[in-house]
Amino acid sequence: METPSTNFTPIGLDLEADKNYAWCACGKSNKQPFCDGSHAGSGISPQLFKAEKAGTYYLCTCKKSGNAPYCDGSHKK
Ligand code: FES
């Protein structure tokens, strides 16, 4: 698998409470930060999550966050 660029910055989105989301963990999705099925055959699966409450969240696109799917600033390292 190709290593994702460290220049990928987080994407801020308004998420709904109790809605199921599928965060792309492989870096191949064309619908970042969400899974579009491009991980097929990679052995990587999307990370399913729900927001604790409705609001704006910054989701990781560099795939290096230690708090995925949320950005933890790792793209700056
Ligand atoms: S496209 Fe990346 S995890 Fe599905």
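Provided above is the structure to which this section pertains.
Residues numbered from 1 in each chain as written. Predicted model: local features only at pLDDT ≥ 70, side-chain atom pairs only at ≥ 80, totals over all residues. Heavy atoms only, no water.

Undergrad: Go over the overall build of the protein chain with me, naming the residues and quoting the values.
TA: Of the regular secondary structure elements, the protein chain holds 0 helices and 4 strands. In sequence order, the protein chain lays out its α and β elements as β-β-β-β. In terms of overall dimensions, the protein chain is globule-like: its C-alpha atoms have a radius of gyration of 12 Å, near the 11 Å expected for 77 residues. In terms of overall dimensions, the protein chain has C-alpha extents of about 35 × 30 × 20 Å along its principal axes. Going through the 77 residues of the protein chain one by one, you find that 27% of them count as buried. Sequence separation of at least 24 residues holds for 55% of the intrachain contacts in the protein chain that already meet a minimum separation of 6. Accessible surface, the protein chain: about 4,900 Å² in total, of which carbon and sulfur atoms supply 47%. Looking at the protein chain, you have 9 positive and 7 negative side-chain charges, and the mean spots of the two groups are 5 Å apart. (Helix = DSSP H or I, 4+ residues; strand = E, 2+ residues; numbered from the N terminus. Rg over C-alpha atoms; globule rule 2.2 N^0.38 Å. Buried < 20%, exposed > 50% of the residue type's maximum accessible area, 1.4 Å probe, protein only. Contact = heavy atoms within 4.5 Å. Areas by Shrake-Rupley, 256 points an atom, 1.4 Å probe, with all protein chains shown as cover. Lys, Arg positive; Asp, Glu negative; His and termini not counted. Charge placed at Lys NZ, Arg CZ, Asp CG, Glu CD.)

Undergrad: Account for the side chain of Ser 65, naming residues and giving values.
TA: Counting through the fold element by element, Ser 65 comes out in the segment after β4 (55-59). For Ser 65, the side chain forms a polar contact with the main-chain nitrogen of Asn 67, separated by 2.9 Å. A polar contact is formed between the side chain of Ser 65 and the backbone oxygen of Tyr 70, at a distance of 2.5 Å. Residue contacts for Ser 65: discarding those within four places in its chain leaves Cys 60, Tyr 70, Cys 71, Asp 72 and Ser 74. (Polar contact = N/O pair within 3.5 Å; in protein donor to acceptor, adjacent residues only side chain to side chain.)

Undergrad: Just give me the short version of unusual backbone geometry, but keep the residues and values in it.
TA: In this chain, Gln 32 is followed by Pro 33 through a cis amide linkage whose omega measures 10°. Mapped onto the fold, Pro 33 is located in the loop between β2 (21-23) and β3 (47-49). Following Ala 68, the chain continues to Pro 69 via a peptide bond in cis, the omega torsion being 15°. Even without glycine at this site, Asp 18 takes up a positive phi of about 60°.

Undergrad: If you had to explain the packing of aromatic side chains to someone new, which residues and values would you point to?
TA: This structure, assessed with the given rule, holds 4 aromatic pairs. Ring centres 5.9 Å apart and planes at 80° place the aromatic pair Phe 49 and Tyr 70 in the edge-to-face group. In this pair, Phe 49 is assigned in strand β3 and Tyr 70 in the segment after β4, connecting sequence segments 21 residues apart. The exposure class of Phe 49 is buried, given its relative accessible area of 9%. Ring centres of Tyr 57 and Tyr 70 lie 5.6 Å apart, and the angle between their planes is 40°; on these two criteria the pair is classed as tilted. In this pair, Tyr 57 sits in strand β4 while Tyr 70 sits in the segment after β4, placing the two residues 13 residues apart along the sequence. Across this residue pair, the class does not change: Tyr 57 and Tyr 70 are buried. Site record: aromatic cluster; members linked through ring pairs are Tyr 21, Phe 34, Phe 49, Tyr 57 and Tyr 70. (Phe/Tyr/Trp six-rings, centres within 6.5 Å; stacked < 30°, edge-to-face > 60°.)

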